[in-house]
Amino acid sequence: MPKPTGSLSPFYLRFVCISTFWMLASLSTIAQPDSLPSVSVKRQYVSKADSSADIWDVYYGFINKKGHRSAESEKPGFHPSFFPELAYALQTGFAVGLNANLSFTSADPQQNVSVIYSTPQYTQYQQVIIPIEANLWTKDNRYNILTDWRYYNYSADNFGLGDNSRSDVDDHLEYSYLRLYQSVLRQVAPNFSVGIGYALDYHWRIREENSTPQLNNDFQQYGNTGRSVSSGPTFTLQYTNRRNPNNPQNGFFGSVMFRPNLRLLGSDQNWQSVLADFRKYIPLTADSRHILALWNVNWLSLGGQAPYLDLPSTGWDTHANLGRGYTQGRFRGQNLLYFETEYRAVILNNGLLGGVIFANMQTYSDYPNTAHFGKLLPGWGVGLRIKVNKHSNLNFAFDYGFGIGGSQGVFLNLGEVF
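In this text, all values refer to a predicted model and were calculated from it rather than measured experimentally.

1. Comments concerning the side chain of S118
So, step 1. Secondary-structure assignment places S118 in strand β3 (residues 114–118).
So, step 2. The buried category is assigned to S118, whose relative accessible area is 18%.
So, step 3. A distance of 2.5 Å separates the side chain of S118 from the backbone oxygen of P131, its partner in a polar contact.
So, step 4. Apart from the residues within four sequence positions on either side, S118 is in contact with L98, N99, A100, P131 and I132.

2. Quick look at the packing of aromatic side chains
So, step 1. Scanning all chains against the criterion turns up 22 aromatic pairs.
So, step 2. Summarising the aromatic geometry, the rings of Y152 and W316 are spaced 5.9 Å apart at their centres and angled 45° between planes, so their arrangement reads as tilted. Residue Y152 is located in strand β6 (residues 143–157), and its partner W316 is located in the loop between β12 (290–302) and β13 (335–346); the two are separated by 164 residues in the primary sequence.
So, step 3. Relative accessible area serves as the criterion here: at 12%, W316 is assigned to the buried category.
So, step 4. Note on W380 and F402: the rings are 6.4 Å apart at their centroids and 20° apart in plane angle, and the pair reads as stacked. Of this pair, W380 sits in strand β15 (residues 377–389) while F402 is found in strand β16 (residues 394–403), placing the two residues 22 residues apart along the sequence.
So, step 5. The exposure class assigned to W380 is partly exposed, which follows from its relative accessible area of 39%.
So, step 6. Since its relative accessible area comes to 29%, F402 is described here as partly exposed.

3. What to know about the pairing of β6
So, step 1. Bridging between strand β5 (residues 128–137) and β6 involves 10 bridges; their strand directions are antiparallel. By the bridge assignment for β6, I129 is matched with Y152.
So, step 2. Hairpin connection, β5 to β6: the antiparallel pair is bridged by 5 residues, and D140 has positive phi, about 60°.
So, step 3. Where β6 meets strand β7 (residues 171–189), 15 bridges bridge the pair, whose relative direction is antiparallel. By the bridge assignment for β7, W149 is matched with L180.

About the criteria used
- Per chain, residue numbering runs from 1 following the sequence as it is written.
- Predicted model: local features are reported for residues with pLDDT of at least 70 only, side-chain atom pairs are reported and counted for 80 or more only, and whole-chain, interface and lining totals are derived from all residues.
- Remark: hydrogens and water are excluded; side-chain values derive from all non-hydrogen atoms of the structure.
- Numbering of helices and strands starts at the N terminus; helices are DSSP runs of H or I of at least 4 residues and strands are runs of E of at least 2.
- The buried label applies to any residue whose accessible area, calculated with a 1.4 Å probe on protein chains only, is under 20% of its type's maximum; exposed applies above 50%, and partly exposed to all values in between.
- In protein, a polar contact requires one atom able to donate a hydrogen and another able to accept it; more generally it is a pair of N or O atoms within 3.5 Å, and residues adjacent in sequence count only if both atoms are side-chain atoms.
- Only heavy atoms enter the contact rule, under which two residues are in contact if any of them lie within 4.5 Å.
- By convention, a stacked pair of Phe, Tyr or Trp rings (six-membered ring in the case of Trp) has centres within 6.5 Å and planes under 30 degrees apart, an edge-to-face pair has planes over 60 apart, and any other such pair is tilted.
- Strands pair, by our definition, only if DSSP identifies at least two bridges between them.

Everything listed is a geometric property; what it means functionally is a separate question.
Okay, here's the thing in structure tokens:
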């Protein structure tokens, strides 16, 4: 099987032009409260009746009537959310673990909310998943510290490369995985930051059990190895006036990260990746009880040959949310283009329950002819939102998604999907 090349088709060039126009149009239409000039304004808090509700209000109001909810002020500060979980995902089966979200809010309406989250799990398939992620902002949004550390003792089905990969293959991969991503961004203009960092993807003890090589032997032909290392610096441009990543009510987020993986820093070979992530939130009503959310991801690997497990793939974005409707790793290729639209609505007046309708599309460059993209791969579904912490506006997301070829399943998330 020939090695992939880094050439891009006229289709992709047209797509980049369209994506750039879409991003600029989004920036030009930002006129929501989140886009006010960066002026330090302190809000005065007064005592008032609280008509909103979350699961803790339900617990102490209707279940544990003898107890009382610990005083947690709506005032700015530290708002933790911890609870054990019994989860399910297509790639893990049932899992037990812990959901933790630590949110830090401010009295300044222009100060971005800082979040630390972790969801360690042990799964039905004897997988160990330990992620630690953080999105921290210093005073006046001067610095943005981004952390993504994780350890996996993992197993996954491998469906092969490109958009024509079959779902009935029996190719199983097992491996250990260490990810260390760390970046620091400095604000250089209102809402605009630039930064540098380091990224490591290390896979070892990679083992394959393939009972159907006649249907899918892409892993062997691509270049099977028992370990792989991708290591290199990162350079990031970011614009955001999305104040609360837990549950954005309006605003825009855009990030472009360039990552050269270098043998000098331990990488197996020199190759580069580009990850462009754009998100727009449009309130459809003045009270933001109805929101249209848009998401676009362009994930490219260029120059040299990326390790198989580091190629762009369904569900292997930072929060494992890309491609609802399909199992993690269902599609894989050298380059990925992705769009998603989600309509969000509050169902109960107190905000305890909400609902969403979503649709997405992903397409991958053909393999081994990586100069052309293949067919569109749609996904769609509906979801329920349950307010976990009303002070940090944190929801628990329960979605049921569908894809082509009979793909379907449950998708869970602490916080909005994007």
